[in-house]
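# Structural features, examined
Below, each chain spelled out in residue letters.
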Amino acid sequence: MAHYVKLKRRGLPLAVADNTLLTRLVQLEVAQFLPLLYKHILIPPEVKREAYKAPQKGKRRLRRLFNEMAGFFMDCIEADALIKNYLQADLDAGEAAAIAQADYTKSHVLIDENKGYNRARLMQLTAMRTTRLLVLLKQAGAIPEVKPYYEKLEETGFYLKASVRKKLLAEVREE
């Protein structure tokens with residue numbers, strides 16, 4: 001853990017990503033901007049396995065992302081096995097591993113699924129969803145607007161409550 005704590009002190013936080021969120025960021029073509037927000041993204045083996053099981057097109061995109069940004073996306077197995085096993089009682093293996101790893105490394109956890117997001121928040125972790133990351137990317141100057149990305153997410157079946165959408169768009173002065 002000392003290695004990750006040392007990195008964290010240099011400025012940007014570390015994060016651990018779940019597969020669903022990473023896949024969405026790749027689909028939206030914004031994953032390459034994550035270094036503006038994070039020092040490194042840690043990838044648990046369970047998340048990597050899920051990513052490589054994705055449909056063919058998604059699998060190729062994720063592999064290319066991991067290869068092109070190999071110094072940024074880092075494999076990591078550091079997690080408390082007891083916490084990970086406990087979380088697997090009602091979360092899938094990737095979500096459980098991402099949350100356990102974020103807890104162990106004191107990193108942000110990038111996760112979209114409600115159950116996993118709520119569990120991370122209950123554990124007092126900084127949990128970030130795709131929608132929040134898009135707001136941060138706009139604030140960092142990586143993307144000009146958030147609204148078109150929210151529309152693209154909704155076209156792919158991503159559900160965003162109207163009240164949440166309105167609040168997030170108001171935050172970036174697009175509503």
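Fair warning: this is a prediction, and the values are worked out from it, not measured in the lab.

## What about helix α9 (residues 147-155)?
Of all the residues in α9, the buried ones are Tyr149, Tyr150 and Leu153. Projected onto a plane normal to the axis of α9, the buried residues spread over an arc of 100° and lie on a single side. Where α9 is buried, its residues touch α2 (19-27), α8 (130-139) and α10 (162-171). Just beyond α9, the residue with positive phi is glycine 157, at close to 95°.

## Description of unusual backbone geometry
A positive phi angle, near 60°, is found at lysine 106, a position not held by glycine. With respect to the secondary-structure elements, lysine 106 resides in the loop between α6 (93-105) and β4 (108-110). Positive phi is not limited to glycine here, since glutamine 124 has a value of about 65°. With respect to the helices and strands, glutamine 124 occurs in the loop between α7 (114-122) and β5 (127-128).

## Some remarks on the sheet that holds strand β3 (residues 73-75)
One open sheet holds the five strands; their spatial order is β3-β2-β1-β4-β5, and the pairing between them is parallel. Each edge of the open sheet is held by one strand with a lone partner, namely β3 and β5. Sheet contacts for α2: β1 (15-17), β2 (41-43), β3, β4 and β5; angle to β1, the most-contacted strand, approximately 90°.

## Thoughts on the pattern of salt bridges
Opposite charge on two side chains allows them to pair when their charged atoms are near. What the rule picks out here adds up to eight salt bridges. With its nearest N and O atoms 2.9 Å apart, the salt bridge here joins lysine 138 to glutamate 174. Of this pair, lysine 138 sits in helix α8 while glutamate 174 sits in the segment after α10, placing them 36 residues apart in sequence. Arginine 165 is paired through a salt bridge with glutamate 151; the nearest N and O atoms lie 3.8 Å apart. Here glutamate 151 lies in helix α9 and arginine 165 lies in helix α10, a separation of 14 residues in the sequence. Residue arginine 165 is classed as buried on the basis of its relative accessible area of 14%. A residue is classified by how much of its surface remains accessible, and glutamate 151, at 36% relative accessible area, is partly exposed.

## Here we look at the confidence of the model for the chain
On average, residues of the chain carry a pLDDT of 86, and 91% of them reach 70 or more. Between the elements of the chain, mean pLDDT differs from a low of 40, seen in helix α1 (residues 2-9), to a high of 97, seen in β4. Contacts from residues 1-9, a stretch scored under 50 in pLDDT, to residues over four places away or in other chains number 19 contacts.

Reading the values: the criteria
Residues numbered from 1 in each chain as written. Predicted model: local features only at pLDDT ≥ 70, side-chain atom pairs only at ≥ 80, totals over all residues. Heavy atoms only, no water. Buried < 20%, exposed > 50% of the residue type's maximum accessible area, 1.4 Å probe, protein only. Helix = DSSP H or I, 4+ residues; strand = E, 2+ residues; numbered from the N terminus. Arc of directions from axis to C-beta. Contact = heavy atoms within 4.5 Å. Pairing = 2+ DSSP bridges. Axes fitted to C-alpha atoms, helices over the stretch in contact; angles between N-to-C directions. Salt bridge = Lys/Arg side-chain N within 4 Å of Asp/Glu carboxyl O. pLDDT = per-residue confidence, 0-100.

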